[in-house]
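Structural description and commentary
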Amino acid sequence: MQVLDLFSGGGYYTEILSEVVGQKDQVDTHNNAAYVSFIDPDKLEKRYADNRLSNVQQHIREANDLQLCDACYDRVMMLTFHDLYYVDVKNGWNNIDAPALMKKNTQIPQTKWHSRCSR
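Notes on the structure follow. Numbering of residues starts from 1 in every chain and runs along the sequence as written. In keeping with the predicted nature of the model, local features appear solely for residues at pLDDT of at least 70, side-chain atom pairs appear and are counted solely at 80 or more, and the whole-chain, interface and lining totals rest on all residues. Hydrogens and water are ignored here; the side-chain numbers use all heavy atoms of the structure.

**Let's talk about the sheet that holds strand E3 (residues 56–60)**
One open sheet holds the four strands; their spatial order is E3-E2-E1-E4, and the pairing between them is parallel. If you trace the sheet from one side to the other, it starts and ends with E3 and strand E4 (75–77), each paired once. Each strand of the sheet is rotated relative to its neighbour by a mean of 20 degrees, with strand direction disregarded. Alignment of strand E2 (residues 26–31) against E3, held across five bridges, turns out to be parallel. Looking at E3, one finds that asparagine 31 is bridged to isoleucine 60. In what follows, a contact means two residues having at least one pair of non-hydrogen atoms within 4.5 Å. Comment: axis = line fitted to C-alpha atoms, over the contacting stretch for helices; angle = value between 0 and 180 degrees taken between N-to-C directions. Segments assigned H or I by DSSP are reported as helices when at least four residues long, segments assigned E as strands when at least two residues long, and all are numbered from the N terminus. The strands touched by helix H1 (residues 12–21) are strand E1 (2–5), E2, E3 and E4; relative to E2, the strand with the most contacts, the crossing angle is about 165 degrees. Pairing between two strands requires that DSSP report at least two bridges joining them.

Here it is as structure tokens:
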């Protein structure tokens, strides 16, 4: 199973997802550069230090530049919908093409998530 934690923030839910999918599967995280600066890069460094979450790959890029491959994610988790609409260009929070990003998310194939989580 491969899961994308979109706008993953400080990684709290990423840790949970990492445990749920297990070591043989993958969690990709996404944050934009402005959020990394906002949360403090040291906080993320501590969370991911020493390969603590060995099945997690971080992706720091703008949402408009996020390339989701066809059918590569079984699930996408996004809890911070407000990040789609917050704009503060002076501080690095660029306008996001929310409809385009959400369209990418709706093209992810549906799987039986519950069967993977009932361990």
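What follows picks up the thread again.
**Comments concerning the nonpolar core**
To form a nonpolar core, buried Ala, Val, Leu, Ile, Met, Phe, Trp, Tyr and Cys residues must be joined to one another through side-chain atoms within 4.5 Å. Note on classification: 1.4 Å probe, protein chains only; a residue is buried when its accessible area is under 20% of the maximum for its type, exposed when over 50%, partly exposed between these limits. The biggest cluster of nonpolar side chains holds 15 residues, and the ones touching the most others in it are Val3, Leu17, Val21, Val27, Leu44, Tyr48 and Val56. The contacts of leucine 44, once residues within four sequence positions are left out, are Gly9, Gly10, Asn31, Val36, Ile39 and Gln58. Phe7, Leu84, Ala98 and Leu101 belong to the second largest nonpolar core, which has 13 residues in total.

**Thoughts on the packing of aromatic side chains**
Any pair of aromatic rings gets described here by the distance separating the centres and the angle formed by the planes. Two rings from Phe, Tyr or Trp (for Trp, the six-membered ring) form a pair when their centres are within 6.5 Å of each other. A pair whose planes differ by under 30 degrees is stacked, one over 60 is edge-to-face, and the rest are tilted. Applying the stated criterion across every chain yields a total of four aromatic pairs. Both rings, one in tyrosine 35 and one in phenylalanine 38, keep their centres 5.6 Å apart while their planes meet at 50 degrees; by these two values the pair is tilted. Of this pair, tyrosine 35 and phenylalanine 38 both sit in helix H2 (residues 33–39), three residues apart, which is roughly one turn of that helix. A residue is classified by how much of its surface remains accessible, and tyrosine 35, at 18% relative accessible area, is buried. Their ring planes at 80 degrees and their centres at 5.5 Å tell us that tyrosine 86 and tryptophan 93 sit as a pair that is edge-to-face. Residue class for tyrosine 86 comes out partly exposed when judged on its relative accessible area of 41%. Among the aromatic residues, ring-to-ring pairing joins Tyr35, Phe38, Tyr86 and Trp93 into one connected group.

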